[in-house]
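# Structure assessment
Residue strings, one per chain:
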Amino acid sequence: MKKLLPLVFMLFCPVLIMGVFAQSNTAISESQQVSQKCFVEYNDGSIKEFERLEVVTAMFKTPRLIANGAIIIKPEEIKAYMDSKGRYAISAKLFDDAKETYVATSALNGFAYRVVKGKINVFALKYYNGRVTALKYYLQQGEGKAIVPYNAELLAGMIKDDAGAAQFCSNNETDKNAGKFLTAVVEIYNSNAHTVTAGNP
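All of the points below concern the structure found in this document. What you see is a predicted model; the values in this text were computed from it and never measured. (Residues numbered from 1 in each chain as written. Predicted model: local features only at pLDDT ≥ 70, side-chain atom pairs only at ≥ 80, totals over all residues. Heavy atoms only, no water.)

### Points about the overall build of the protein
Check the secondary structure of the protein and you find 4 helices and 11 strands. Evaluated residue by residue, the protein yields a buried proportion of 31% over its 201 residues. Of the contacts formed within the protein by residues at least 6 apart in sequence, a portion of 41% connects residues at least 24 apart. Carbon and sulfur atoms make up 58% of the accessible area of the protein, which amounts to about 13,000 Å² in all. (Helix = DSSP H or I, 4+ residues; strand = E, 2+ residues; numbered from the N terminus. Buried < 20%, exposed > 50% of the residue type's maximum accessible area, 1.4 Å probe, protein only. Contact = heavy atoms within 4.5 Å. Areas by Shrake-Rupley, 256 points an atom, 1.4 Å probe, with all protein chains shown as cover.)

### A closer look at the nonpolar core
In globular proteins that are soluble, nonpolar side chains generally tend to be buried together. The biggest cluster of nonpolar side chains holds 31 residues, and the ones touching the most others in it are L53, Y81 and L155. If you look at the next biggest cluster of nonpolar residues, it comprises 11 residues, including A80, Y88, I90 and A112. (Core = buried A, V, L, I, M, F, W, Y, C linked by side-chain atoms within 4.5 Å.)

### A look at the sheet that holds strand β3 (residues 53-56)
The strand order across the open sheet built from 3 strands is β3-β4-β5, with neighbouring strands paired in antiparallel fashion. Only two strands of the sheet have a single partner each, and these edge strands are β3 and β5 (71-73). The sheet shows a mean angle of 30° between the axes of neighbouring strands, taken without regard to direction. The sheet contact formed by strand β4 (residues 64-67) and β5 spans 3 bridges and is antiparallel. Its bridge partner being in β5, A67 is matched across the sheet by I71. (Pairing = 2+ DSSP bridges. Axes fitted to C-alpha atoms, helices over the stretch in contact; angles between N-to-C directions.)

### A closer look at the pairing of strand β7 (residues 88-91)
Of the two faces of β7, the one lined by Y88 and I90 and the one lined by A89 and S91 are each fully buried. As judged from the 3 bridges shared by strand β6 (residues 78-82) and β7, these two strands associate in the antiparallel manner. The partner of A80 across the bridge, within β7, is I90. The turn joining β6 and β7, which pair antiparallel and follow one another in sequence, is formed by 5 residues; a positive phi near 80° is taken by G86. Two elements, β7 and strand β8 (residues 111-116), share 3 bridges in a ladder whose sense is antiparallel. Residue pairing in the sheet places I90 in a bridge with A112 of β8.

### Details of the sheet that holds strand β2 (residues 47-50)
Strand order across the open sheet formed by 8 strands is β2-β1-β6-β7-β8-β9-β10-β11, with antiparallel pairing between neighbours. In this open sheet, the two edge strands, each paired with only one partner strand, are β2 and β11 (148-149). Bridge analysis of strand β9 (residues 120-128) against strand β10 (residues 133-141) gives 9 bridges, and the strand direction is antiparallel. The residue bridging N121 from the neighbouring strand is Q140, located in β10. Sheet strands in contact with helix α2 (residues 152-159) are β9, β10 and β11, and its direction is about 30° off that of β10.

In short, geometric facts, not functional conclusions.
Structure (structure tokens):
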């Protein structure tokens with residue numbers, strides 16, 4: 001019996017230690033989630049922060065935001081928000097070519113969500129085109145600037161000062177998957193902290 005006790009101790013000690021580490025890691029990740037603030041920017045420009053903000057969609061109900069599990073925020077009251085998942089979305093009514101989207105999956109109906117953040121921001125707007133749900137992409141060069149519909153010429157003009165992004169853009173086709181192509185080009189551009197002008201060392 002005395003010989004079995006050390007063996008049992010050696011078997012259960014690692015299990016107890018792993019349990020303690022797992023519990024401390026969970027506590028750290030929960031504290032990180034709580035520290036991330038969600039917010040809503042109302043139409044009058046005021047901003048209100050919340051601990052939790054979720055997009056709620058349900059059959060036969062109007063999509064809406066639920067703040068802190070109880071406060072209902074309607075899409076028509078706001079122009080932008082950051083939800084609990086860290087997803088930033090902005091009202092498509094602020095765009096030049098605003099239209100009804102009739103889709104609320106990744107963001108509220110009528111809102112475009114940010115796909116890439118950086119020197120160039122990329123937004124995606126889901127909408128119903130009469131047959132299926134489609135995506136339309138928008139670009140914004142710098143915070144507070146106009147958000148404009150994506151096209152190849154516009155993108156080429158925005159990235160012309162970055163040799164790596166320009167090279168990737170010219171070597172790849174945009175037709176196969178516009179979303180992946182666009183995000184890849186913009187992420188290359190955004191990741192270069194010190195851009196290298198094409199043709200210069």
